[in-house]
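An overview of the molecular structure
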Amino acid sequence: MATKTETAQGTPVRVVGFLCDWAVRSEGLLNPDDTLVGMPHVTVIRVPCSGFVKPGWLELALRSGAAGTFVCGCPMGDCLNREGNWIMEDRIDQLRKRLARQKVDPDRIAFFAYGLHDQQAFLDAVQAFVDRLRALGGGKA
Amino acid sequence: MYRRLLTGLQSATLRLDVGIQRVLPQDFNPLYYTGGLANLFLTVLVVSGILIFLYYEPSLEGAYASVEFLTRDVPYGVVFRGIHRYAADAYMVAILLHLFRNWFTDRYREARDSQWLSGMVLLVFSGLAGFTGYLLVWDERSQMLTSLTVQALRSVPLVGHWLAEVFVGGPGVSDTTLPRFLFLHVGPAMALYVLLWWHYVRLRHPKIWPPAVWVLFGLGLLFILASVLPATSGRPAQPGASPEGFPVDWFYLWPYVLARWMAPGWALALVVALLAYGMVIPYTLRETPEERGLRALGQAVVVDENCTGCELCYYDCPYNAIYMVPSPAPGKSRAAANRKLLAVVVDSRCVECGICIGACPFEALELPRMLDRDVQQRIQRGAQAPAAAAT
Amino acid sequence: MRGAASALALAGFLAVLALVCVAAMVYGEWFDRRLLSSGALGVLLVLYAAIVVLFRKAGITAEE
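Description of the structure in this document. Because the structure is a prediction, the values reported are computed rather than measured.

Another point: the overall build of chain B. Counting its regular elements, chain B contains 14 helices and four strands. Taking 2.2 N^0.38 as the reference for a compact globule, 391 residues should give roughly 21 Å; the C-alpha atoms of chain B span a radius of gyration of 27 Å, well beyond that estimate. Projecting the C-alpha coordinates of chain B onto the three principal axes gives extents of approximately 85 × 50 × 45 Å. Here chain B holds 391 residues, and 52% of them are scored as buried. Within chain B, residue pairs in contact and separated by at least 24 positions form 74% of the contacts whose partners lie at least 6 positions apart. With an accessible surface of roughly 19500 Å², chain B has 66% of that area assigned to carbon and sulfur atoms.

Listed below in structure tokens is the structure:
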């Protein structure tokens, strides 16, 4: 999959993602350098709850050259900390509006919600996200 | 062994969600709203209970007749009675699902033990209100339940006879008995609301109501059950009669079924032991976070010099672990120079989730072992790293 | 405009339905068929729940 995305356009799109410890099981999903298995251009930072992610971090990722960034929390309604994922979804909505005013495509930010057993669905969603980013073109830097 | 079992149960619980989400949208999953569903059925119980209360007469001669009058002659009385009964069963199902789901998914540990303990006390009071409801009808079943309960209470050491007399209001069943049962039914039900305050007090925005689809379905189910299987009384209680058996409501009356094989006192002891074990569940596994396979990131810490007293963390903290106090001194950063308030983290309530860090636009909160600085570095590395060799 | 019209239509539909329910309850009481009419009411509520799920699956929600 990785080779396909890279050869198709020459420049691979870089993605930084945040993954909640309690959402998708991360065993077997990450390489030792925190990139996704099969997608070495996607860096994943594991966080204690999706609500831990600062919107500023997502902005920083885009400004630092990432083509896109995502947050993955637990299924909506099932947050271990009760409402971390709802709060995060709200914050991302606001961030999207702010970025749109700064001429940054809001589609570069994604929010996913997948549970412990949804590894494959999560990988598919990330792949679809990467494909969408590829259509948008590489990152800013 | 116990831990492996719990891990397996957690996995199975979440596997169940995967199945449910094949059929229903994520946020319609009924298992995410077991607490809200319990509250829905409790509300139904209170409303239908008040209507029934208006017709009920708590006396040995009048009780049975008044319930019969409600069932036969009051418009839709039979439906209200049925709804009251099946809402009680649905309520017990909902709170048991709530209990097991939160147990198996680890939502009772450390700072959340207050919710667990209040939940167990709520369970005790719900059970009490539930079984005393079956006494009020004063049919043969009520009579049998009363005599079994008196036997069980009498076998309590030292205070047993006194307890039994308090229960029926005298040395034997008399006209004081049914008013007492009525209080034992309504009193604990009222107490539930006080206990619910304890249950909610550490939660910001508690989810106390399920989505519309489950309200509609729950109410519809109650109407259907009340019409298909109307609630009825047995034969009226007769002094001196010794009925053989009674129809069992498995959600409230199962301890009385045990009395068939053991002395009622032992059945009572078993129930007490189960509930006592429930109370200590949050304290049974005192493992370190490392042993549980978690990263212990430490409890949130307020960076005094940056806090502007904006209250955003206070509003987002799901456990009310952040208090705003009058600021003792101005902060150092420009934004914090004129602050009136300062955020303070209550350690005993913090679950280390970091939601307050995401809320803070001023870098005034940190998880000690996952600092903002380090995350930023990792983001930059991830965003800039040259394309690694494709695997 | 379209939103207001469809909301009115929905409100009207719900009002008619509520009247039908009242009529059913009166009928049940009058002809001693309480259990029948309350059971029908239950079926109606369950159907409503199913409609909510179907709407959601078809993408008809309150948002926008």
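This part covers the nonpolar core. Within the largest apolar cluster, 76 residues are counted, with the highest numbers of intra-cluster contacts made by Phe41, Tyr91, Trp103, Phe167, Phe181 and Leu253 of chain B. Non-local contacts of Phe41 of chain B, meaning those with residues more than four positions away in its chain, are made with Ala87, Ala90, Tyr91, Ala94, Gly218 and Leu222 of chain B. Core analysis: the next-biggest nonpolar cluster, separate from the first, contains 46 residues, Leu62 and Val104 of chain A together with Tyr319 and Ile357 of chain B among them.

What follows covers the interface of chain B and chain A. On the side of chain A, 46 residues touch chain B, which itself brings 53 residues to the contact. Where chain B abuts chain A, roughly 4000 Å² becomes buried across the two surfaces, and 55% of that area is made up of carbon and sulfur atoms. Counting every contact that joins chain B to chain A gives five salt bridges. The partner of Arg101 of chain B in a salt bridge is Asp78 of chain A, with the nearest N and O atoms 2.7 Å apart.

Next up on the list: the state of the cysteines. Tallied over the entire structure, the rule returns zero disulfides over all chains. Here Cys20 of chain A stays free of any disulfide, with the sulfur of Cys74 of chain A as its closest cysteine sulfur at 4.1 Å. The buried category is assigned to Cys20 of chain A, whose relative accessible area is 4%. Counting only cysteine sulfurs, Cys310 of chain B is the nearest neighbor of Cys313 of chain B, a cysteine outside any disulfide, at a range of 6.2 Å. Owing to a relative accessible area of 8%, Cys313 of chain B belongs among the buried residues under this scheme.

Rules of the game
- Residues numbered from 1 in each chain as written.
- Chains lettered and ligands numbered in written order.
- Predicted model: local features only at pLDDT ≥ 70, side-chain atom pairs only at ≥ 80, totals over all residues.
- Heavy atoms only, no water.
- Helix = DSSP H or I, 4+ residues; strand = E, 2+ residues; numbered from the N terminus.
- Rg over C-alpha atoms; globule rule 2.2 N^0.38 Å.
- Buried < 20%, exposed > 50% of the residue type's maximum accessible area, 1.4 Å probe, protein only.
- Contact = heavy atoms within 4.5 Å.
- Areas by Shrake-Rupley, 256 points an atom, 1.4 Å probe, with all protein chains shown as cover.
- Core = buried A, V, L, I, M, F, W, Y, C linked by side-chain atoms within 4.5 Å.
- Buried area = accessible area lost by both parts, 1.4 Å probe.
- Salt bridge = Lys/Arg side-chain N within 4 Å of Asp/Glu carboxyl O.
- Disulfide = S-S within 2.5 Å.

In short, the description is geometric, and any link to function would need to be established separately.
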